[in-house]
Amino acid sequence: AYGLAQAYYGVRQTFWHKLKGEQMSSREDAWTAWSARLGFIARGVVFCTIGWFLLAAALDYNPREVKGMEQSLEFLGRRPFGFWLLTGVALGLGLYGVFMLIQARRRRIKTP
């Protein structure tokens, strides 16, 4: 569910209320939109894959089937077109890092 929520967060772009959009240039605005959108979707793919392993482990009563991020990325790499899938996820996670840098500069902080 968390992976789906991350992807939804990126698609719906509900992160804008947390940013000082009025202080951004149009170029920074575009970078923010694309880096956040693709970054949250990439995070959603990774977290959904991890969630799939958790669900499989729970259904089989086998805690050894629980996998982390490394095994999830390996799993994605073994799928058909796995190279391209991993490349897209890697670029998306990199863009998420760009969004975090933008957010560090433009975050709207509420003071008491």
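Attention in this report is confined to the structure presented alongside it. For every chain, the first residue of its written sequence is number 1, and the numbers climb from 1 along that sequence. Given that the model is predicted, a residue must reach a pLDDT of at least 70 before its local features are reported, and side-chain atom pairs must reach 80 or more before they are shown or counted; all residues, however, enter totals for whole chains, interfaces and linings. As a rule here, side-chain values cover all heavy atoms of the structure and leave hydrogens and water aside.

Brief notes about a nonpolar patch on the surface
Here is step 1: What makes a patch is a set of residues exposed beyond 30% relative accessible area and free of salt bridges, joined within 9 Å when like-charged and within 5 Å when nonpolar (Val, Leu, Ile, Met, Phe, Trp, Tyr). In short, Shrake-Rupley with a 1.4 Å probe defines the accessible areas, and a residue's cover is counted only from the protein chains shown. When a carboxyl oxygen of Asp or Glu lies within 4 Å of a side-chain nitrogen of Lys or Arg, that pair is called a salt bridge. A grouping of V11, I41 and V45 is seen on the molecular surface, where their side chains present a nonpolar patch of about 210 Å² in accessible area.
Here is step 2: Strands here are runs of E lasting at least two residues and helices are runs of H or I lasting at least four, both read from the DSSP assignment and numbered beginning at the N terminus. If you trace the backbone, I41 turns up in helix α2 (residues 26–60).
Here is step 3: Each residue gets one of three labels from its accessible area relative to the maximum for its type: buried under 20%, exposed over 50%, partly exposed in between, using a 1.4 Å probe on protein chains only. Using a relative accessible area of 31% as the deciding quantity, one classes I41 as partly exposed.

Regarding the side chain of Q13
Here is step 1: The residue Q13 is located in the loop between α1 (2–12) and α2 in this model.
Here is step 2: Judged by its relative accessible area of 17%, Q13 is buried.
Here is step 3: Contacts were defined at the residue level, with two residues in contact if any of their heavy atoms lie within 4.5 Å. Other than its neighbours up to four places away in sequence, Q13 contacts Y8, A33 and R37.

Points about the side chain of T32
Here is step 1: You can see T32 is positioned in helix α2.
Here is step 2: Those residues in contact with T32 that lie beyond four places of it in its chain are F15, W16, L19, M24, F99 and I102.

What to know about α1
Here is step 1: Buried within α1 are the following residues: G3, Q6 and G10. For α1, the angular spread of the buried residues around the axis is 60 degrees, confining them to a single face. Seen from the open side of α1, the exposed residues pointing more than 90 degrees away from its buried face are L4, Y8, V11 and R12.
Here is step 2: The inward-facing, buried residues of α1 abut α2.
Here is step 3: Phi for Q13, located one or two positions after α1, is positive at around 55 degrees. The directions from the helix axis to the C-beta atoms form the arc being described.

Considering the packing of helix α3 (residues 69–77) against helix α4 (residues 82–106)
Here is step 1: Look at α3 against α4: their axes get within 7 Å of each other, and the N-to-C directions meet at 135 degrees. Between α3 and α4, the crossing angle belongs to the class labelled oblique. In this structure, α3 uses L73, L76 and G77 to contact α4, whose residues at the interface are G82, F83, L85, L86 and V89.
Here is step 2: The class makeup of the residues in the contact of α3 with α4 is six nonpolar, two polar and no charged. The axes are straight lines fitted to the C-alpha atoms, using for helices just the contacting stretch, and the angles between their N-to-C directions are given from 0 to 180°. Just so you know how the angles are binned, under 35 degrees is roughly parallel, over 145 roughly antiparallel, 65 to 115 roughly perpendicular, and the rest oblique. Three residue categories are used. Nonpolar comprises Ala, Val, Leu, Ile, Met, Phe, Trp, Tyr, Cys and Pro, charged comprises Asp, Glu, Lys and Arg, and polar comprises the others, including Gly.

Concerning the packing of aromatic side chains
Here is step 1: For this analysis, a ring pair means two rings from Phe, Tyr or Trp (six-membered ring only for Trp) whose centres lie within 6.5 Å, classed as stacked if their planes differ by under 30 degrees, edge-to-face if by over 60, and tilted for the remaining angles. On inspection of all chains with the given rule, the structure shows six aromatic pairs.
Here is step 2: Ring centres of F83 and W84 lie 5.0 Å apart, and the angle between their planes is 80 degrees; on these two criteria the pair is classed as edge-to-face. The exposure classification of F83 matches that of W84, with both residues exposed.
Here is step 3: A connected cluster of aromatic rings, assembled from ring pairs, spans Y9, F40, Y96 and F99.
Here is step 4: The ring of W34 carries R37 above its face, with NZ or CZ at 4.9 Å from the centroid. Only lysine NZ and arginine CZ atoms are considered, and such an atom sits over a ring when it is within 6 Å of the ring centre and within 35 degrees of the ring normal.

Overview of unusual backbone geometry
Here is step 1: Phi angles above zero are rare outside glycine, and F81 is one such case at about 60 degrees.
Here is step 2: Looking at the secondary structure, you find F81 in the loop between α3 and α4.
Here is step 3: A relative accessible area of 69% means that F81 is categorised as exposed.

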